[in-house]
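# Architecture and fold: a report
Letter by letter, the chains look like this.
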Amino acid sequence: MNAFSRRGACPALSAPMQTGDGLLVRLNPVAGGLLPKSLIGLCESALRHGNGIMEVTARGSLQIRGLTAASARLLAAEVDALGIEVRSGVPVEIGPLAGIDPQEIADPRPLAERVRMAIEEAGLTVRLGPKVSVIVDGGGQLAMDALMADVRLAAVQATAGVQWSVSVAGDERSAKPLATVDADAARDITVAALRMVAEKGRETHTRDLSERQLSSLASWHPVTPLSVLPDISPARGEIDLSPSASPIAKIASISNKRGAPAAELPISPLAGEMSGRTEGGAQERQPSKSPIGIFDLAITHALGIGLPFGSMPAEKLIELTRQALVFGATEIRLASGRALLFLGLSPSACPALEASAATLGFVTSATDPRTRIAACPGIPACSSGRIATRAIAETIAKESADLLDASLTLHISGCAKGCAHPGSTALTLVGDEKGAGLVVDGTAKALPAGYRPGYDAARGVAGIAEAVREQRHPGETAAACLTRLGAAGLAELYRRN
């Protein structure tokens, strides 16, 4: 086990991250899912070596909290003993139903594996920043539309068969489209784009590429020799073209000349830095379909169950998994949107397991108001936090549920870093030295329009919810009503009493 990784690094099993409640590790199983007994064993290990809090992130990774340097080593050994192989390197993400969804356009797993291998062979892993990512989306019932990525490969049905739409720097709505090509070209464009990113430095993403670079990627043609694709470096303009057959080979050659990566990875940020942070790029807007609910597979069914605000005690997850075993679950997959998918269930088993999950406090409905709240761990879990974010969130979900319709997301942030939701939301509560500030139509970094004590923040939101209830027009969304009320009016409602 290495020391803590530098600020901004992802808390992988080999590089835990310091948070307000100890070290945190993030796991992504290579197999895509876990056997029920393996998840139970992982939860038991978290109880022995951490604080027993299990989390599923917005991008569908599993997190274990409350570790020490010594217990993190023991956890890593037990993960290995359980036979759980975890991913490392540049994230190349696929959907939770990849390869088993009868509605998907194409199985994304083969292309994703080829992209992973190409990135590794090109020597790009150590040259790219820890938040650089690739998505390979085969479509289907749980598309990955809401997730940000540096490169997006999305399957499309074409006359000639399946093609891959390549876009960069965004989610499904905001990413810039480049080309629609076959799998080989999609892989090579991806690696060429990441090579351009690497040339600009580890803080760079595809959003930082020049128009000239994007144009060179967009003009890709599958019959064009790979060596003619230009690479524009920040210092020299266009890099000399290589006679090698592929830009991938050139990258590997450059990597070898520059030397191998250090044997030891650096260690994590100072206490409180990135505490409980959602992986970069996850957007909390409602995806095309929620991962919570029942999904028809070819023969069996899958049941999606959410963790409230992405967090649950290990004991409850153990109990749910044991009951899932009784109902015939064969595998559990992690899903973006802070959910777990239980596979191999019969039609009659799904509602029974759903009822058990509801009794244990899990989220079993896509319309549950808790799915409309993004809340970081806050105090006491995070030393940067100034307010008890999840306690506030629970109260708001119970007392002001009608405010939380599908038109808006409420963000509750323990501090101005805004780890749980990097984007703008209709309403944000943010903790600072003055208490719980209210930001209207902005991020946690914005200047609050009004304050009230942190312990009383939920009552301030209740005042806003009451005004919306009274003044909402027939058919009007909560977000539209908030816009009519205006930032000044909402701040006054929040501050009252």
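Below, the structure is looked at part by part. (Residues numbered from 1 in each chain as written. Predicted model: local features only at pLDDT ≥ 70, side-chain atom pairs only at ≥ 80, totals over all residues. Heavy atoms only, no water.)

### What about the pattern of salt bridges?
Under the criterion given, the structure shown has 19 salt bridges. The salt bridge involving D405 is made with R472; its shortest N-O contact spans 2.5 Å. Remark: R472 occurs in the loop between helix 10 (457-471) and helix 11 (478-495) and D405 occurs in the loop between helix 9 (389-399) and strand 19 (410-413); sequence separation between them is 67 residues. When its relative accessible area of 18% is taken as the criterion, D405 is described as buried. For the salt bridge of E492 with R495, the shortest nitrogen-to-oxygen distance reads 3.3 Å. Of this pair, E492 and R495 both sit in helix 11, three residues apart, which is roughly one turn of the helix. Residue E492 is classed as partly exposed on the basis of its relative accessible area of 35%. (Salt bridge = Lys/Arg side-chain N within 4 Å of Asp/Glu carboxyl O. Helix = DSSP H or I, 4+ residues; strand = E, 2+ residues; numbered from the N terminus. Buried < 20%, exposed > 50% of the residue type's maximum accessible area, 1.4 Å probe, protein only.)

### A word on the sheet that holds strand 1 (residues 17-19)
What the five strands build is an open sheet, ordered 1-2-5-4-15; its pairing is antiparallel. The sheet is open, and its two edges are formed by strand 1 and strand 15 (311-313), each paired on a single side. Put simply, the sheet's adjacent strands are angled 30° from each other on average, direction ignored. As judged from the four bridges shared by strand 2 (residues 22-27) and strand 5 (residues 62-67), these two strands associate in the antiparallel manner. Bridging from a neighbouring strand, R26 pairs with Q63 of strand 5. Helix 7 (residues 314-326) rests against strand 4 (53-56) and strand 15 of the sheet, and its axis sits at about 85° to strand 15. (Pairing = 2+ DSSP bridges. Axes fitted to C-alpha atoms, helices over the stretch in contact; angles between N-to-C directions. Contact = heavy atoms within 4.5 Å.)

### Concerning the environment of E319
Locating E319 in the fold gives a position in helix 7. The exposure class assigned to E319 is partly exposed, which follows from its relative accessible area of 32%. Sequence separation of E319 and A357 is 38 residues, and the distance between their C-alpha atoms is 9.2 Å. Polar side-chain contacts of E319 include one of 2.8 Å to the side chain of Q323. (Polar contact = N/O pair within 3.5 Å; in protein donor to acceptor, adjacent residues only side chain to side chain.)

### Some remarks on unusual backbone geometry
Geometrically, the link from I379 to P380 is a cis peptide bond, its omega value of 5° lying close to zero. For P380, the location among the structural elements is in the loop between strand 18 (373-375) and helix 9. Positive phi outside glycine occurs at D441, with the angle close to 55°. With respect to the helices and strands, the residue D441 is situated in strand 21 (residues 435-442). Judged by relative accessible area, which is 62%, D441 ranks as exposed.

### A closer look at the packing of helix 9 against helix 10
Packing of helix 9 against helix 10 brings their axes to within 9 Å, and their N-to-C directions diverge by 25°. Here helix 9 is positioned roughly parallel relative to helix 10, judged by the angle of their axes. As for the relative orientation of helix 9 and helix 10, their crossing is right-handed in sense. On the side of helix 9, the interface is formed by I392, T395, I396 and E399, while helix 10 contributes A457, A458, V461 and R469. When the residues that make up the contact of helix 9 with helix 10 are grouped by side-chain class, the tally is five nonpolar, one polar and two charged. (Parallel < 35°, antiparallel > 145°, perpendicular 65-115°, else oblique. Left-handed = near helix turned anticlockwise from the far one by under 90°. Nonpolar A, V, L, I, M, F, W, Y, C, P; charged D, E, K, R; others polar.)

### Some points on the sheet that holds strand 13 (residues 293-296)
Spatially, the five strands line up as an open sheet ordered 3-16-17-14-13, and their pairing is antiparallel. Each end of this open sheet is capped by a strand with a single partner; those strands are strand 3 (33-34) and strand 13. Looking at chain direction, strand 3 and strand 16 (residues 331-335) are connected through two bridges and run antiparallel. Each residue of the ladder has a partner; that of G33, found in strand 16, is R333. Lying over the sheet, helix 8 (residues 349-360) contacts strand 13, strand 14 (301-306) and strand 17 (339-345), oriented at roughly 15° with respect to strand 14.

### Concerning the pairing of strand 8 (residues 149-158)
Pairing of strand 7 (residues 134-137) with strand 8 involves four bridges; the strand directions are parallel. Its bridge partner lying in strand 8, D137 is registered against A154. Where strand 8 and strand 9 (residues 161-170) come together, nine bridges link them in antiparallel fashion. Paired with V156 across the strands is Q163, a residue of strand 9. The turn joining strand 8 and strand 9, which pair antiparallel and follow one another in sequence, is formed by two residues.

### Section: the side chain of S45
With respect to the helices and strands, S45 occurs in helix 1 (residues 36-49). Given a relative accessible area of 0%, S45 falls into the buried group. Apart from residues lying up to four places away in sequence, S45 is in contact with G50, L75 and E78.

### Some details on helix 1
Over its 14 residues, helix 1 runs 20 Å from end to end, which matches the ideal 20 Å to within 8%, given 1.5 Å per residue. Judged by how many residues are buried, helix 1 sits mostly within the fold: ten of 14 residues are covered. Residues of helix 1 that are buried include every one of P36, S38, L39, I40, G41, L42, C43, S45, A46 and H49, and no others. (Expected span 1.5 Å × (residues − 1).)

### Some thoughts on the side chain of D101
Looking at the secondary structure, you find D101 in the loop between strand 6 (92-93) and helix 3 (109-121). Despite its burial, D101 remains without a salt bridge, the nearest opposite charge being carried by K289 at 8.2 Å. Here Q141 takes part through its backbone nitrogen, which lies 2.7 Å from a polar atom of the side chain of D101. With residues up to four places along the chain from it excluded, the contact list for D101 reads G139, G140, Q141 and L142. (Lys, Arg positive; Asp, Glu negative; His and termini not counted.)

### Details of the pairing of strand 17
In terms of residue burial, strand 17 counts as a mostly covered element, since six of its seven residues are buried. By the bridge criterion, five bridges tie strand 14 to strand 17 in an arrangement that is antiparallel. The partner of G304 across the bridge, within strand 17, is L341. Sheet topology places strand 16 next to strand 17; five bridges connect them, and they run antiparallel. Counterpart to A335 in the pairing with strand 17 is A339. Connecting the antiparallel pair strand 16 and strand 17 is a turn made up of three residues, with G337 showing a positive phi of about 95°.

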